[in-house]
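# Examination of the molecular architecture
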Amino acid sequence: HWFSPLLNSFSKSSGQAVSLGLVGVVASVATAASVYAKEPPPAEIIPKDVVLYQYEACPFCNKVKAFLDYYDIPYKVVEVNPISKKEIKWSDYKKVPILMVDGQQLVDSSAIIDQLSEKILPGKAIISVADEDEETKWRRWVDNHLVHVLSPNIYRNTSEALESFDYITSNGNFSFTEKITVKYAGAAAMYFVSKNLKKKYNITDERAALYEATETWVDALNGRNFLGGSKPNLADLAVFGVLRPIRYLRSGRDMVEHTRIGEWYSRMEKVVGESSRIKA
Ligand SMILES: N[C@@H](CCC(=O)N[C@@H](CS)C(=O)NCC(=O)O)C(=O)O
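Note that residues are indexed from 1 along each chain, following the sequence as it is written. With pLDDT at 70 or above as the cut-off, local features in this predicted model cover only qualifying residues; side-chain atom pairs require 80 or more to be listed or tallied, and sums for whole chains, interfaces and linings still use all residues. The side-chain numbers reported here are obtained from all heavy atoms of the structure, hydrogens and water having been left aside.

### A few points about the sheet that holds strand β4 (residues 104-107)
Strand pairing in a sheet is mediated by backbone hydrogen bonds. Such pairs are either parallel or antiparallel. Here we have 4 strands laid out as an open sheet, ordered β2-β1-β3-β4, and mixed in their pairing. One side of each edge strand has no neighbouring strand; the edge strands of this open sheet are β2 (76-79) and β4. Between one strand and the next, the sheet's axes are offset by a mean angle of 20°, whatever the strand orientation. Two strands pair when backbone bridges link them, and strand β1 (residues 50-54) and strand β3 (residues 98-101) are joined in this way by 4 bridges, in the antiparallel orientation. Residue pairing for β3: Y53 is matched across the bridge by I98. For two strands to pair, DSSP has to find at least two bridges joining them. Starting at the N terminus, helices and strands are each numbered in turn, a helix being any DSSP run of H or I of at least four residues and a strand any DSSP run of E of at least two. Helix axes use the C-alpha atoms of the stretch in contact, all axes being lines fitted to C-alpha atoms, and the angles between their N-to-C directions lie in the range 0 to 180 degrees.

What follows is the structure, encoded as structure tokens:
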């Protein structure tokens, strides 16, 4: 899963190079650089010490990471063991993500992003009220609708539940024995949990719900490169963030194959670029 995005973008750009010739390559590199660039804030307002307590495959954590990566804010990651949660014992908040920003604890993905934006995007106040409404509306849609469609999809049947837990256990903080037991026990448990989630959120056909949500998002783009126009806004980053952990699972591959989201998703991969995570 870690290499497929890389290989994918590599094969795409080399394919483009072959068909465009040298002049085309130079031009397309130049456009890519100007169109698809991160937006790092001025160095003096970047927080000095940022630590993300997370589960690698958690959609809410990935939403925060999409923001940090796009704004090029360096951060350390503490991978929490989801069974013992010993890494967050010091906190009263029992979920992830938790973001420590220069000693201040921030919790809840959308609240974290709101507070970080206030710190590092002072220009954001200038955005017109209408634009902000659209952005806010779609960020709420991610939290209230899109995230609820994901679990029933990634645990849809035994083979998809196993694929998801293989991804979760290979990328998470588990001991050797936990890896084996969590993979099978977790997959079985989540298969049943996701059936209840389907009932709770009134989902009958989970793939249809995922495709419908995806198409709703593409319609919202209304022909624009990003919801934010020529650059992603917080709603683009939220949708991209929650979809990132499923993109190269069976459900994410189906989503790209059966809906129009692929082009926007690839643009987001390019614009968010390399992670600003500090490798330990
Ligand atoms: N509204 C919260 C939801 C966070 C959440 O539900 N996180 C899950 C992981 S995906 C969690 O920590 N659940 C508690 C647990 O694992 O015990 C947010 O947006 O950050």
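### Observations concerning the pairing of β2
With 4 bridges connecting them, β1 and β2 associate as parallel partners. When the sheet's bridge partners are listed, V51 is paired in β2 with K76. The handedness of the β1 to β2 crossover, carried by helix α2 (residues 59-70), is right-handed. Handedness of a crossover is defined as follows: orient the strands so they point away from the viewer, and if the path from the first strand over the helix to the second runs clockwise, the crossover is right-handed.

### Here's the deal with the confidence of the model for the protein
On a range of 0 to 100, pLDDT expresses the predictor's confidence in each residue. Looking at the protein, pLDDT values average 88 and 86% of them are 70 or higher. With pLDDT under 50 throughout, residues 1-33 is counted as low confidence; its partners more than four residues away or in other chains account for 18 contacts. Contact between two residues is taken to exist if any of their heavy atoms lie within 4.5 Å; hydrogens are not considered.

### Overview of the packing of aromatic side chains
Between rings of Phe, Tyr and Trp, where Trp is taken as its six-membered ring, a pair exists when centres lie within 6.5 Å; planes separated by under 30 degrees are stacked, by over 60 edge-to-face, and by other angles tilted. A complete count under the given rule lists 12 aromatic pairs for this structure. Relative to Y71, the ring of Y70 lies with its centre 4.9 Å away and its plane at 75°, an arrangement referred to as edge-to-face. Judged on exposure class, the residue Y70 and its partner Y71 are both buried. A ring pair is formed by Y191 and F192, whose centres lie 5.2 Å apart and whose planes are at 80°; its orientation type is edge-to-face. Using a 1.4 Å probe on the protein chains alone, a residue whose accessible area is under 20% of its type maximum counts as buried, one over 50% counts as exposed, and one in between counts as partly exposed. When its relative accessible area of 56% is taken as the criterion, F192 is described as exposed. Among the aromatic side chains, those forming a connected cluster through ring pairs are W138, W141, W217, F240, W264 and Y265. The rule is short: NZ of Lys or CZ of Arg within 6 Å of the ring centre and within 35 degrees of the ring normal puts a charge over the ring. Here the basic side chain of R247 rests over the ring of Y265, its NZ or CZ set 5.7 Å away from the ring centre. In this arrangement the basic side chain of R267 is found over the ring face of F226, its NZ or CZ atom lying 5.9 Å from the centre.

### Some thoughts on a nonpolar patch on the surface
Each patch is built from residues that are more than 30% exposed by relative accessible area and take part in no salt bridge. Like charges join if they lie within 9 Å; nonpolar side chains (Val, Leu, Ile, Met, Phe, Trp, Tyr) join within 5 Å. Residue exposure ignores everything except the shown protein chains as possible cover, and the areas themselves are Shrake-Rupley values with a 1.4 Å probe. By definition here, a salt bridge exists when the distance from a side-chain nitrogen of Lys or Arg to a carboxyl oxygen of Asp or Glu is within 4 Å. Taken together, the side chains of L162, F176, I180 and Y184 present a nonpolar region at the surface, about 440 Å² in accessible area. Ranked by residue count, the leading element in the nonpolar patch is helix α6 (residues 176-200), at 3 residues. Structurally, Y184 can be placed in helix α6. Overall, the relative accessible area of 49% leaves Y184 in the partly exposed class.

### With respect to the pairing of β3
Side-chain alternation along β3 places I98 and M100 on one buried face and L99 and V101 on a second face that is also buried. Bridging between β3 and β4 involves 4 bridges; their strand directions are antiparallel. For I98, the partnering residue across the bridge sits in β4 and is V107. Linking β3 to β4, which pair antiparallel, is a turn of 2 residues; within it D102 sits at a positive phi near 45°.

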